[in-house]
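# Reading the structure
Next come the chains, spelled out residue by residue.
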Amino acid sequence: MKHLLMLVLFTATLTVTGCAQQAPTEPQNFLTNDGNVNILWQNTNDYTDIEATIGVQSKFEQYLFTQLTQELGKLANKHLTEGQQLDLTVTNVDLAGDVQPTFGASVDDIRVVTDLYPPKLDFEYTLSQNGKVIASGTEKLRNMSYLSDLQPLNNDTFRYEQKLLTEWFKKTIKPLL
């Protein structure tokens with residue numbers, strides 16, 4: 001009886017403190033577009049790391065997805081012609097760096113950018129013209145030496161992830177146009 005009571009108290013404590021397994025959340029999908037570029041951010045709850053360090057997580061995600069879409073759109077829309085469409089379905093994002101707590105030194109956590117945590121993007125893409133598929137594929141973009149690359153000084157929040165997308169576009173899509 002004593003053991004049963006201890007088990008019930010332990011389970012109740014875990015449930016109250018949130019340490020018990022919670023019911024799975026509904027998958028989150030976001031669609032962003034910029035001109036001839038559409039990006040479906042699929043099952044964002046399963047992404048490796050899109051953790052906000054400041055503010056509300058949902059607002060951070062919207063900002064992240066919008067910024068990356070606009071950056072790819074800025075480049076792609078210069079090269080895509082009338083009737084051409086580039087569609088991506090992003091299945092995983094791992095932002096450069098890792099979020100670390102400040103242990104009370106600040107209200108917000110900080111993202112520490114080191115070689116241990118390179119940016120990663122996984123997605124499927126389709127390039128079409130007037131509804132006919134020109135090219136499609138699956139990509140797993142990584143830049144293990146992202147801190148060693150020469151980078152212009154800028155304040156772009158997601159510069160490492162933007163660079164992954166723009167280099168992929170120049171190498172994979174641009175030659176097909």
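The name that an unreviewed UniProt entry assigns to the chain is DUF3016 domain-containing protein, with the source organism given as Shewanella fidelis.

## Some details on the overall build of the chain
The secondary structure content of the chain amounts to 3 helices and 7 strands. For the chain, the sequential pattern of α-helices and β-strands runs α-β-β-α-β-β-β-β-β-α. The long-range fraction of contacts in the chain, counting pairs at least 24 apart against all pairs at least 6 apart in sequence, stands at 61%. Carbon and sulfur atoms form 54% of the exposed surface of the chain, whose accessible area is close to 11,200 Å².

## Considerations on helix 3 (residues 159-173)
Under the 1.5 Å per step criterion, the end-to-end length of helix 3 is 20 Å for 15 residues, consistent within 8% with the ideal 21 Å. When you tally the buried positions in helix 3, you get 11 out of 15 residues, the bulk of the element. For helix 3, the set of buried residues is Tyr160, Glu161, Gln162, Lys163, Leu164, Leu165, Thr166, Trp168, Phe169, Thr172 and Ile173.

## Focus: the environment of Gln129
Examined against the element boundaries, Gln129 turns out to sit in strand 6 (residues 120-129). Not counting residues within four places of it along the chain, the set of residues in contact with Gln129 comprises Thr81, Glu82, Gly83, Gln84 and Ile134. Looking at Gln129, its side chain comes within polar contact range of the side chain of Gln84, at 3.1 Å.

## Points about the nonpolar core
Grouped together as the largest cluster of nonpolar side chains are 31 residues, with contacts concentrated most on Trp41, Leu86, Leu88, Val93, Phe123, Trp168 and Phe169. Top contributing element to this core by residue count: helix 2 (residues 57-79), with 7 residues. If near-sequence neighbours (up to four positions away) are discounted, Phe123 is found in contact with Leu88, Thr89, Val90, Thr91, Gly137, Thr138, Glu139, Leu141, Leu165 and Trp168.

## With respect to helix 2
Residues lying three or four places apart along an α-helix face the same way, a consequence of the helix completing one turn every 3.6 residues. Here helix 2 spans 34 Å end to end across 23 residues, near enough to the 33 Å set by a 1.5 Å rise per residue. Approximately 30 degrees is the largest bend angle found in helix 2, and it occurs at Gly73. Phe60, Glu61, Leu64, Phe65, Leu68, Thr69, Leu72, Gly73, Leu75 and Ala76 are the residues of helix 2 that are buried. Where helix 2 is buried, its residues meet strand 1 (30-34), strand 2 (37-41), strand 3 (84-94) and helix 3.

## Thoughts on the packing of aromatic side chains
According to the stated counting rule, one finds 8 aromatic pairs in the structure shown. On the basis of an interplanar angle of 80 degrees and a centroid distance of 4.9 Å, the ring pair of Tyr146 and Tyr160 is categorised as edge-to-face. Of this pair, Tyr146 sits in the loop between strand 7 (132-142) and helix 3 while Tyr160 sits in helix 3; the two residues are 14 residues apart in sequence, bridging distant segments of the chain. By relative accessible area, which is 16% here, Tyr160 ends up buried.

## Structural notes on the confidence of the model for the chain
Taken as a whole, the chain shows an average pLDDT of 84; of its residues, 80% reach a score of 70 or greater. For residues 1-24, every residue scores under 50 in pLDDT, and the model assigns this stretch 3 contacts once sequence neighbours within four places are set aside.

## Considerations on the pattern of salt bridges
In this structure the tally under the stated criterion is 6 salt bridges. The salt bridge partner of Lys74 is Glu71, with a shortest N-O separation of 3.4 Å. You can see Lys74 and its partner Glu71 sitting in helix 2, 3 residues apart, about one turn around the helix. The partner of Asp94 in a salt bridge is Lys120, with the nearest N and O atoms 4.0 Å apart. One end of the pair, Asp94, is in strand 3; the other, Lys120, is in strand 6, with 26 residues separating them in the sequence. Each of Asp122, Lys140 and Arg142 takes part in one network of salt bridges that share partners.

Quick notes on the rules
Residues numbered from 1 in each chain as written. Predicted model: local features only at pLDDT ≥ 70, side-chain atom pairs only at ≥ 80, totals over all residues. Heavy atoms only, no water. Helix = DSSP H or I, 4+ residues; strand = E, 2+ residues; numbered from the N terminus. Contact = heavy atoms within 4.5 Å. Areas by Shrake-Rupley, 256 points an atom, 1.4 Å probe, with all protein chains shown as cover. Expected span 1.5 Å × (residues − 1). Buried < 20%, exposed > 50% of the residue type's maximum accessible area, 1.4 Å probe, protein only. Polar contact = N/O pair within 3.5 Å; in protein donor to acceptor, adjacent residues only side chain to side chain. Core = buried A, V, L, I, M, F, W, Y, C linked by side-chain atoms within 4.5 Å. Bend = angle between axes of the 7 residues up to and from the residue. Phe/Tyr/Trp six-rings, centres within 6.5 Å; stacked < 30°, edge-to-face > 60°. pLDDT = per-residue confidence, 0-100. Salt bridge = Lys/Arg side-chain N within 4 Å of Asp/Glu carboxyl O.

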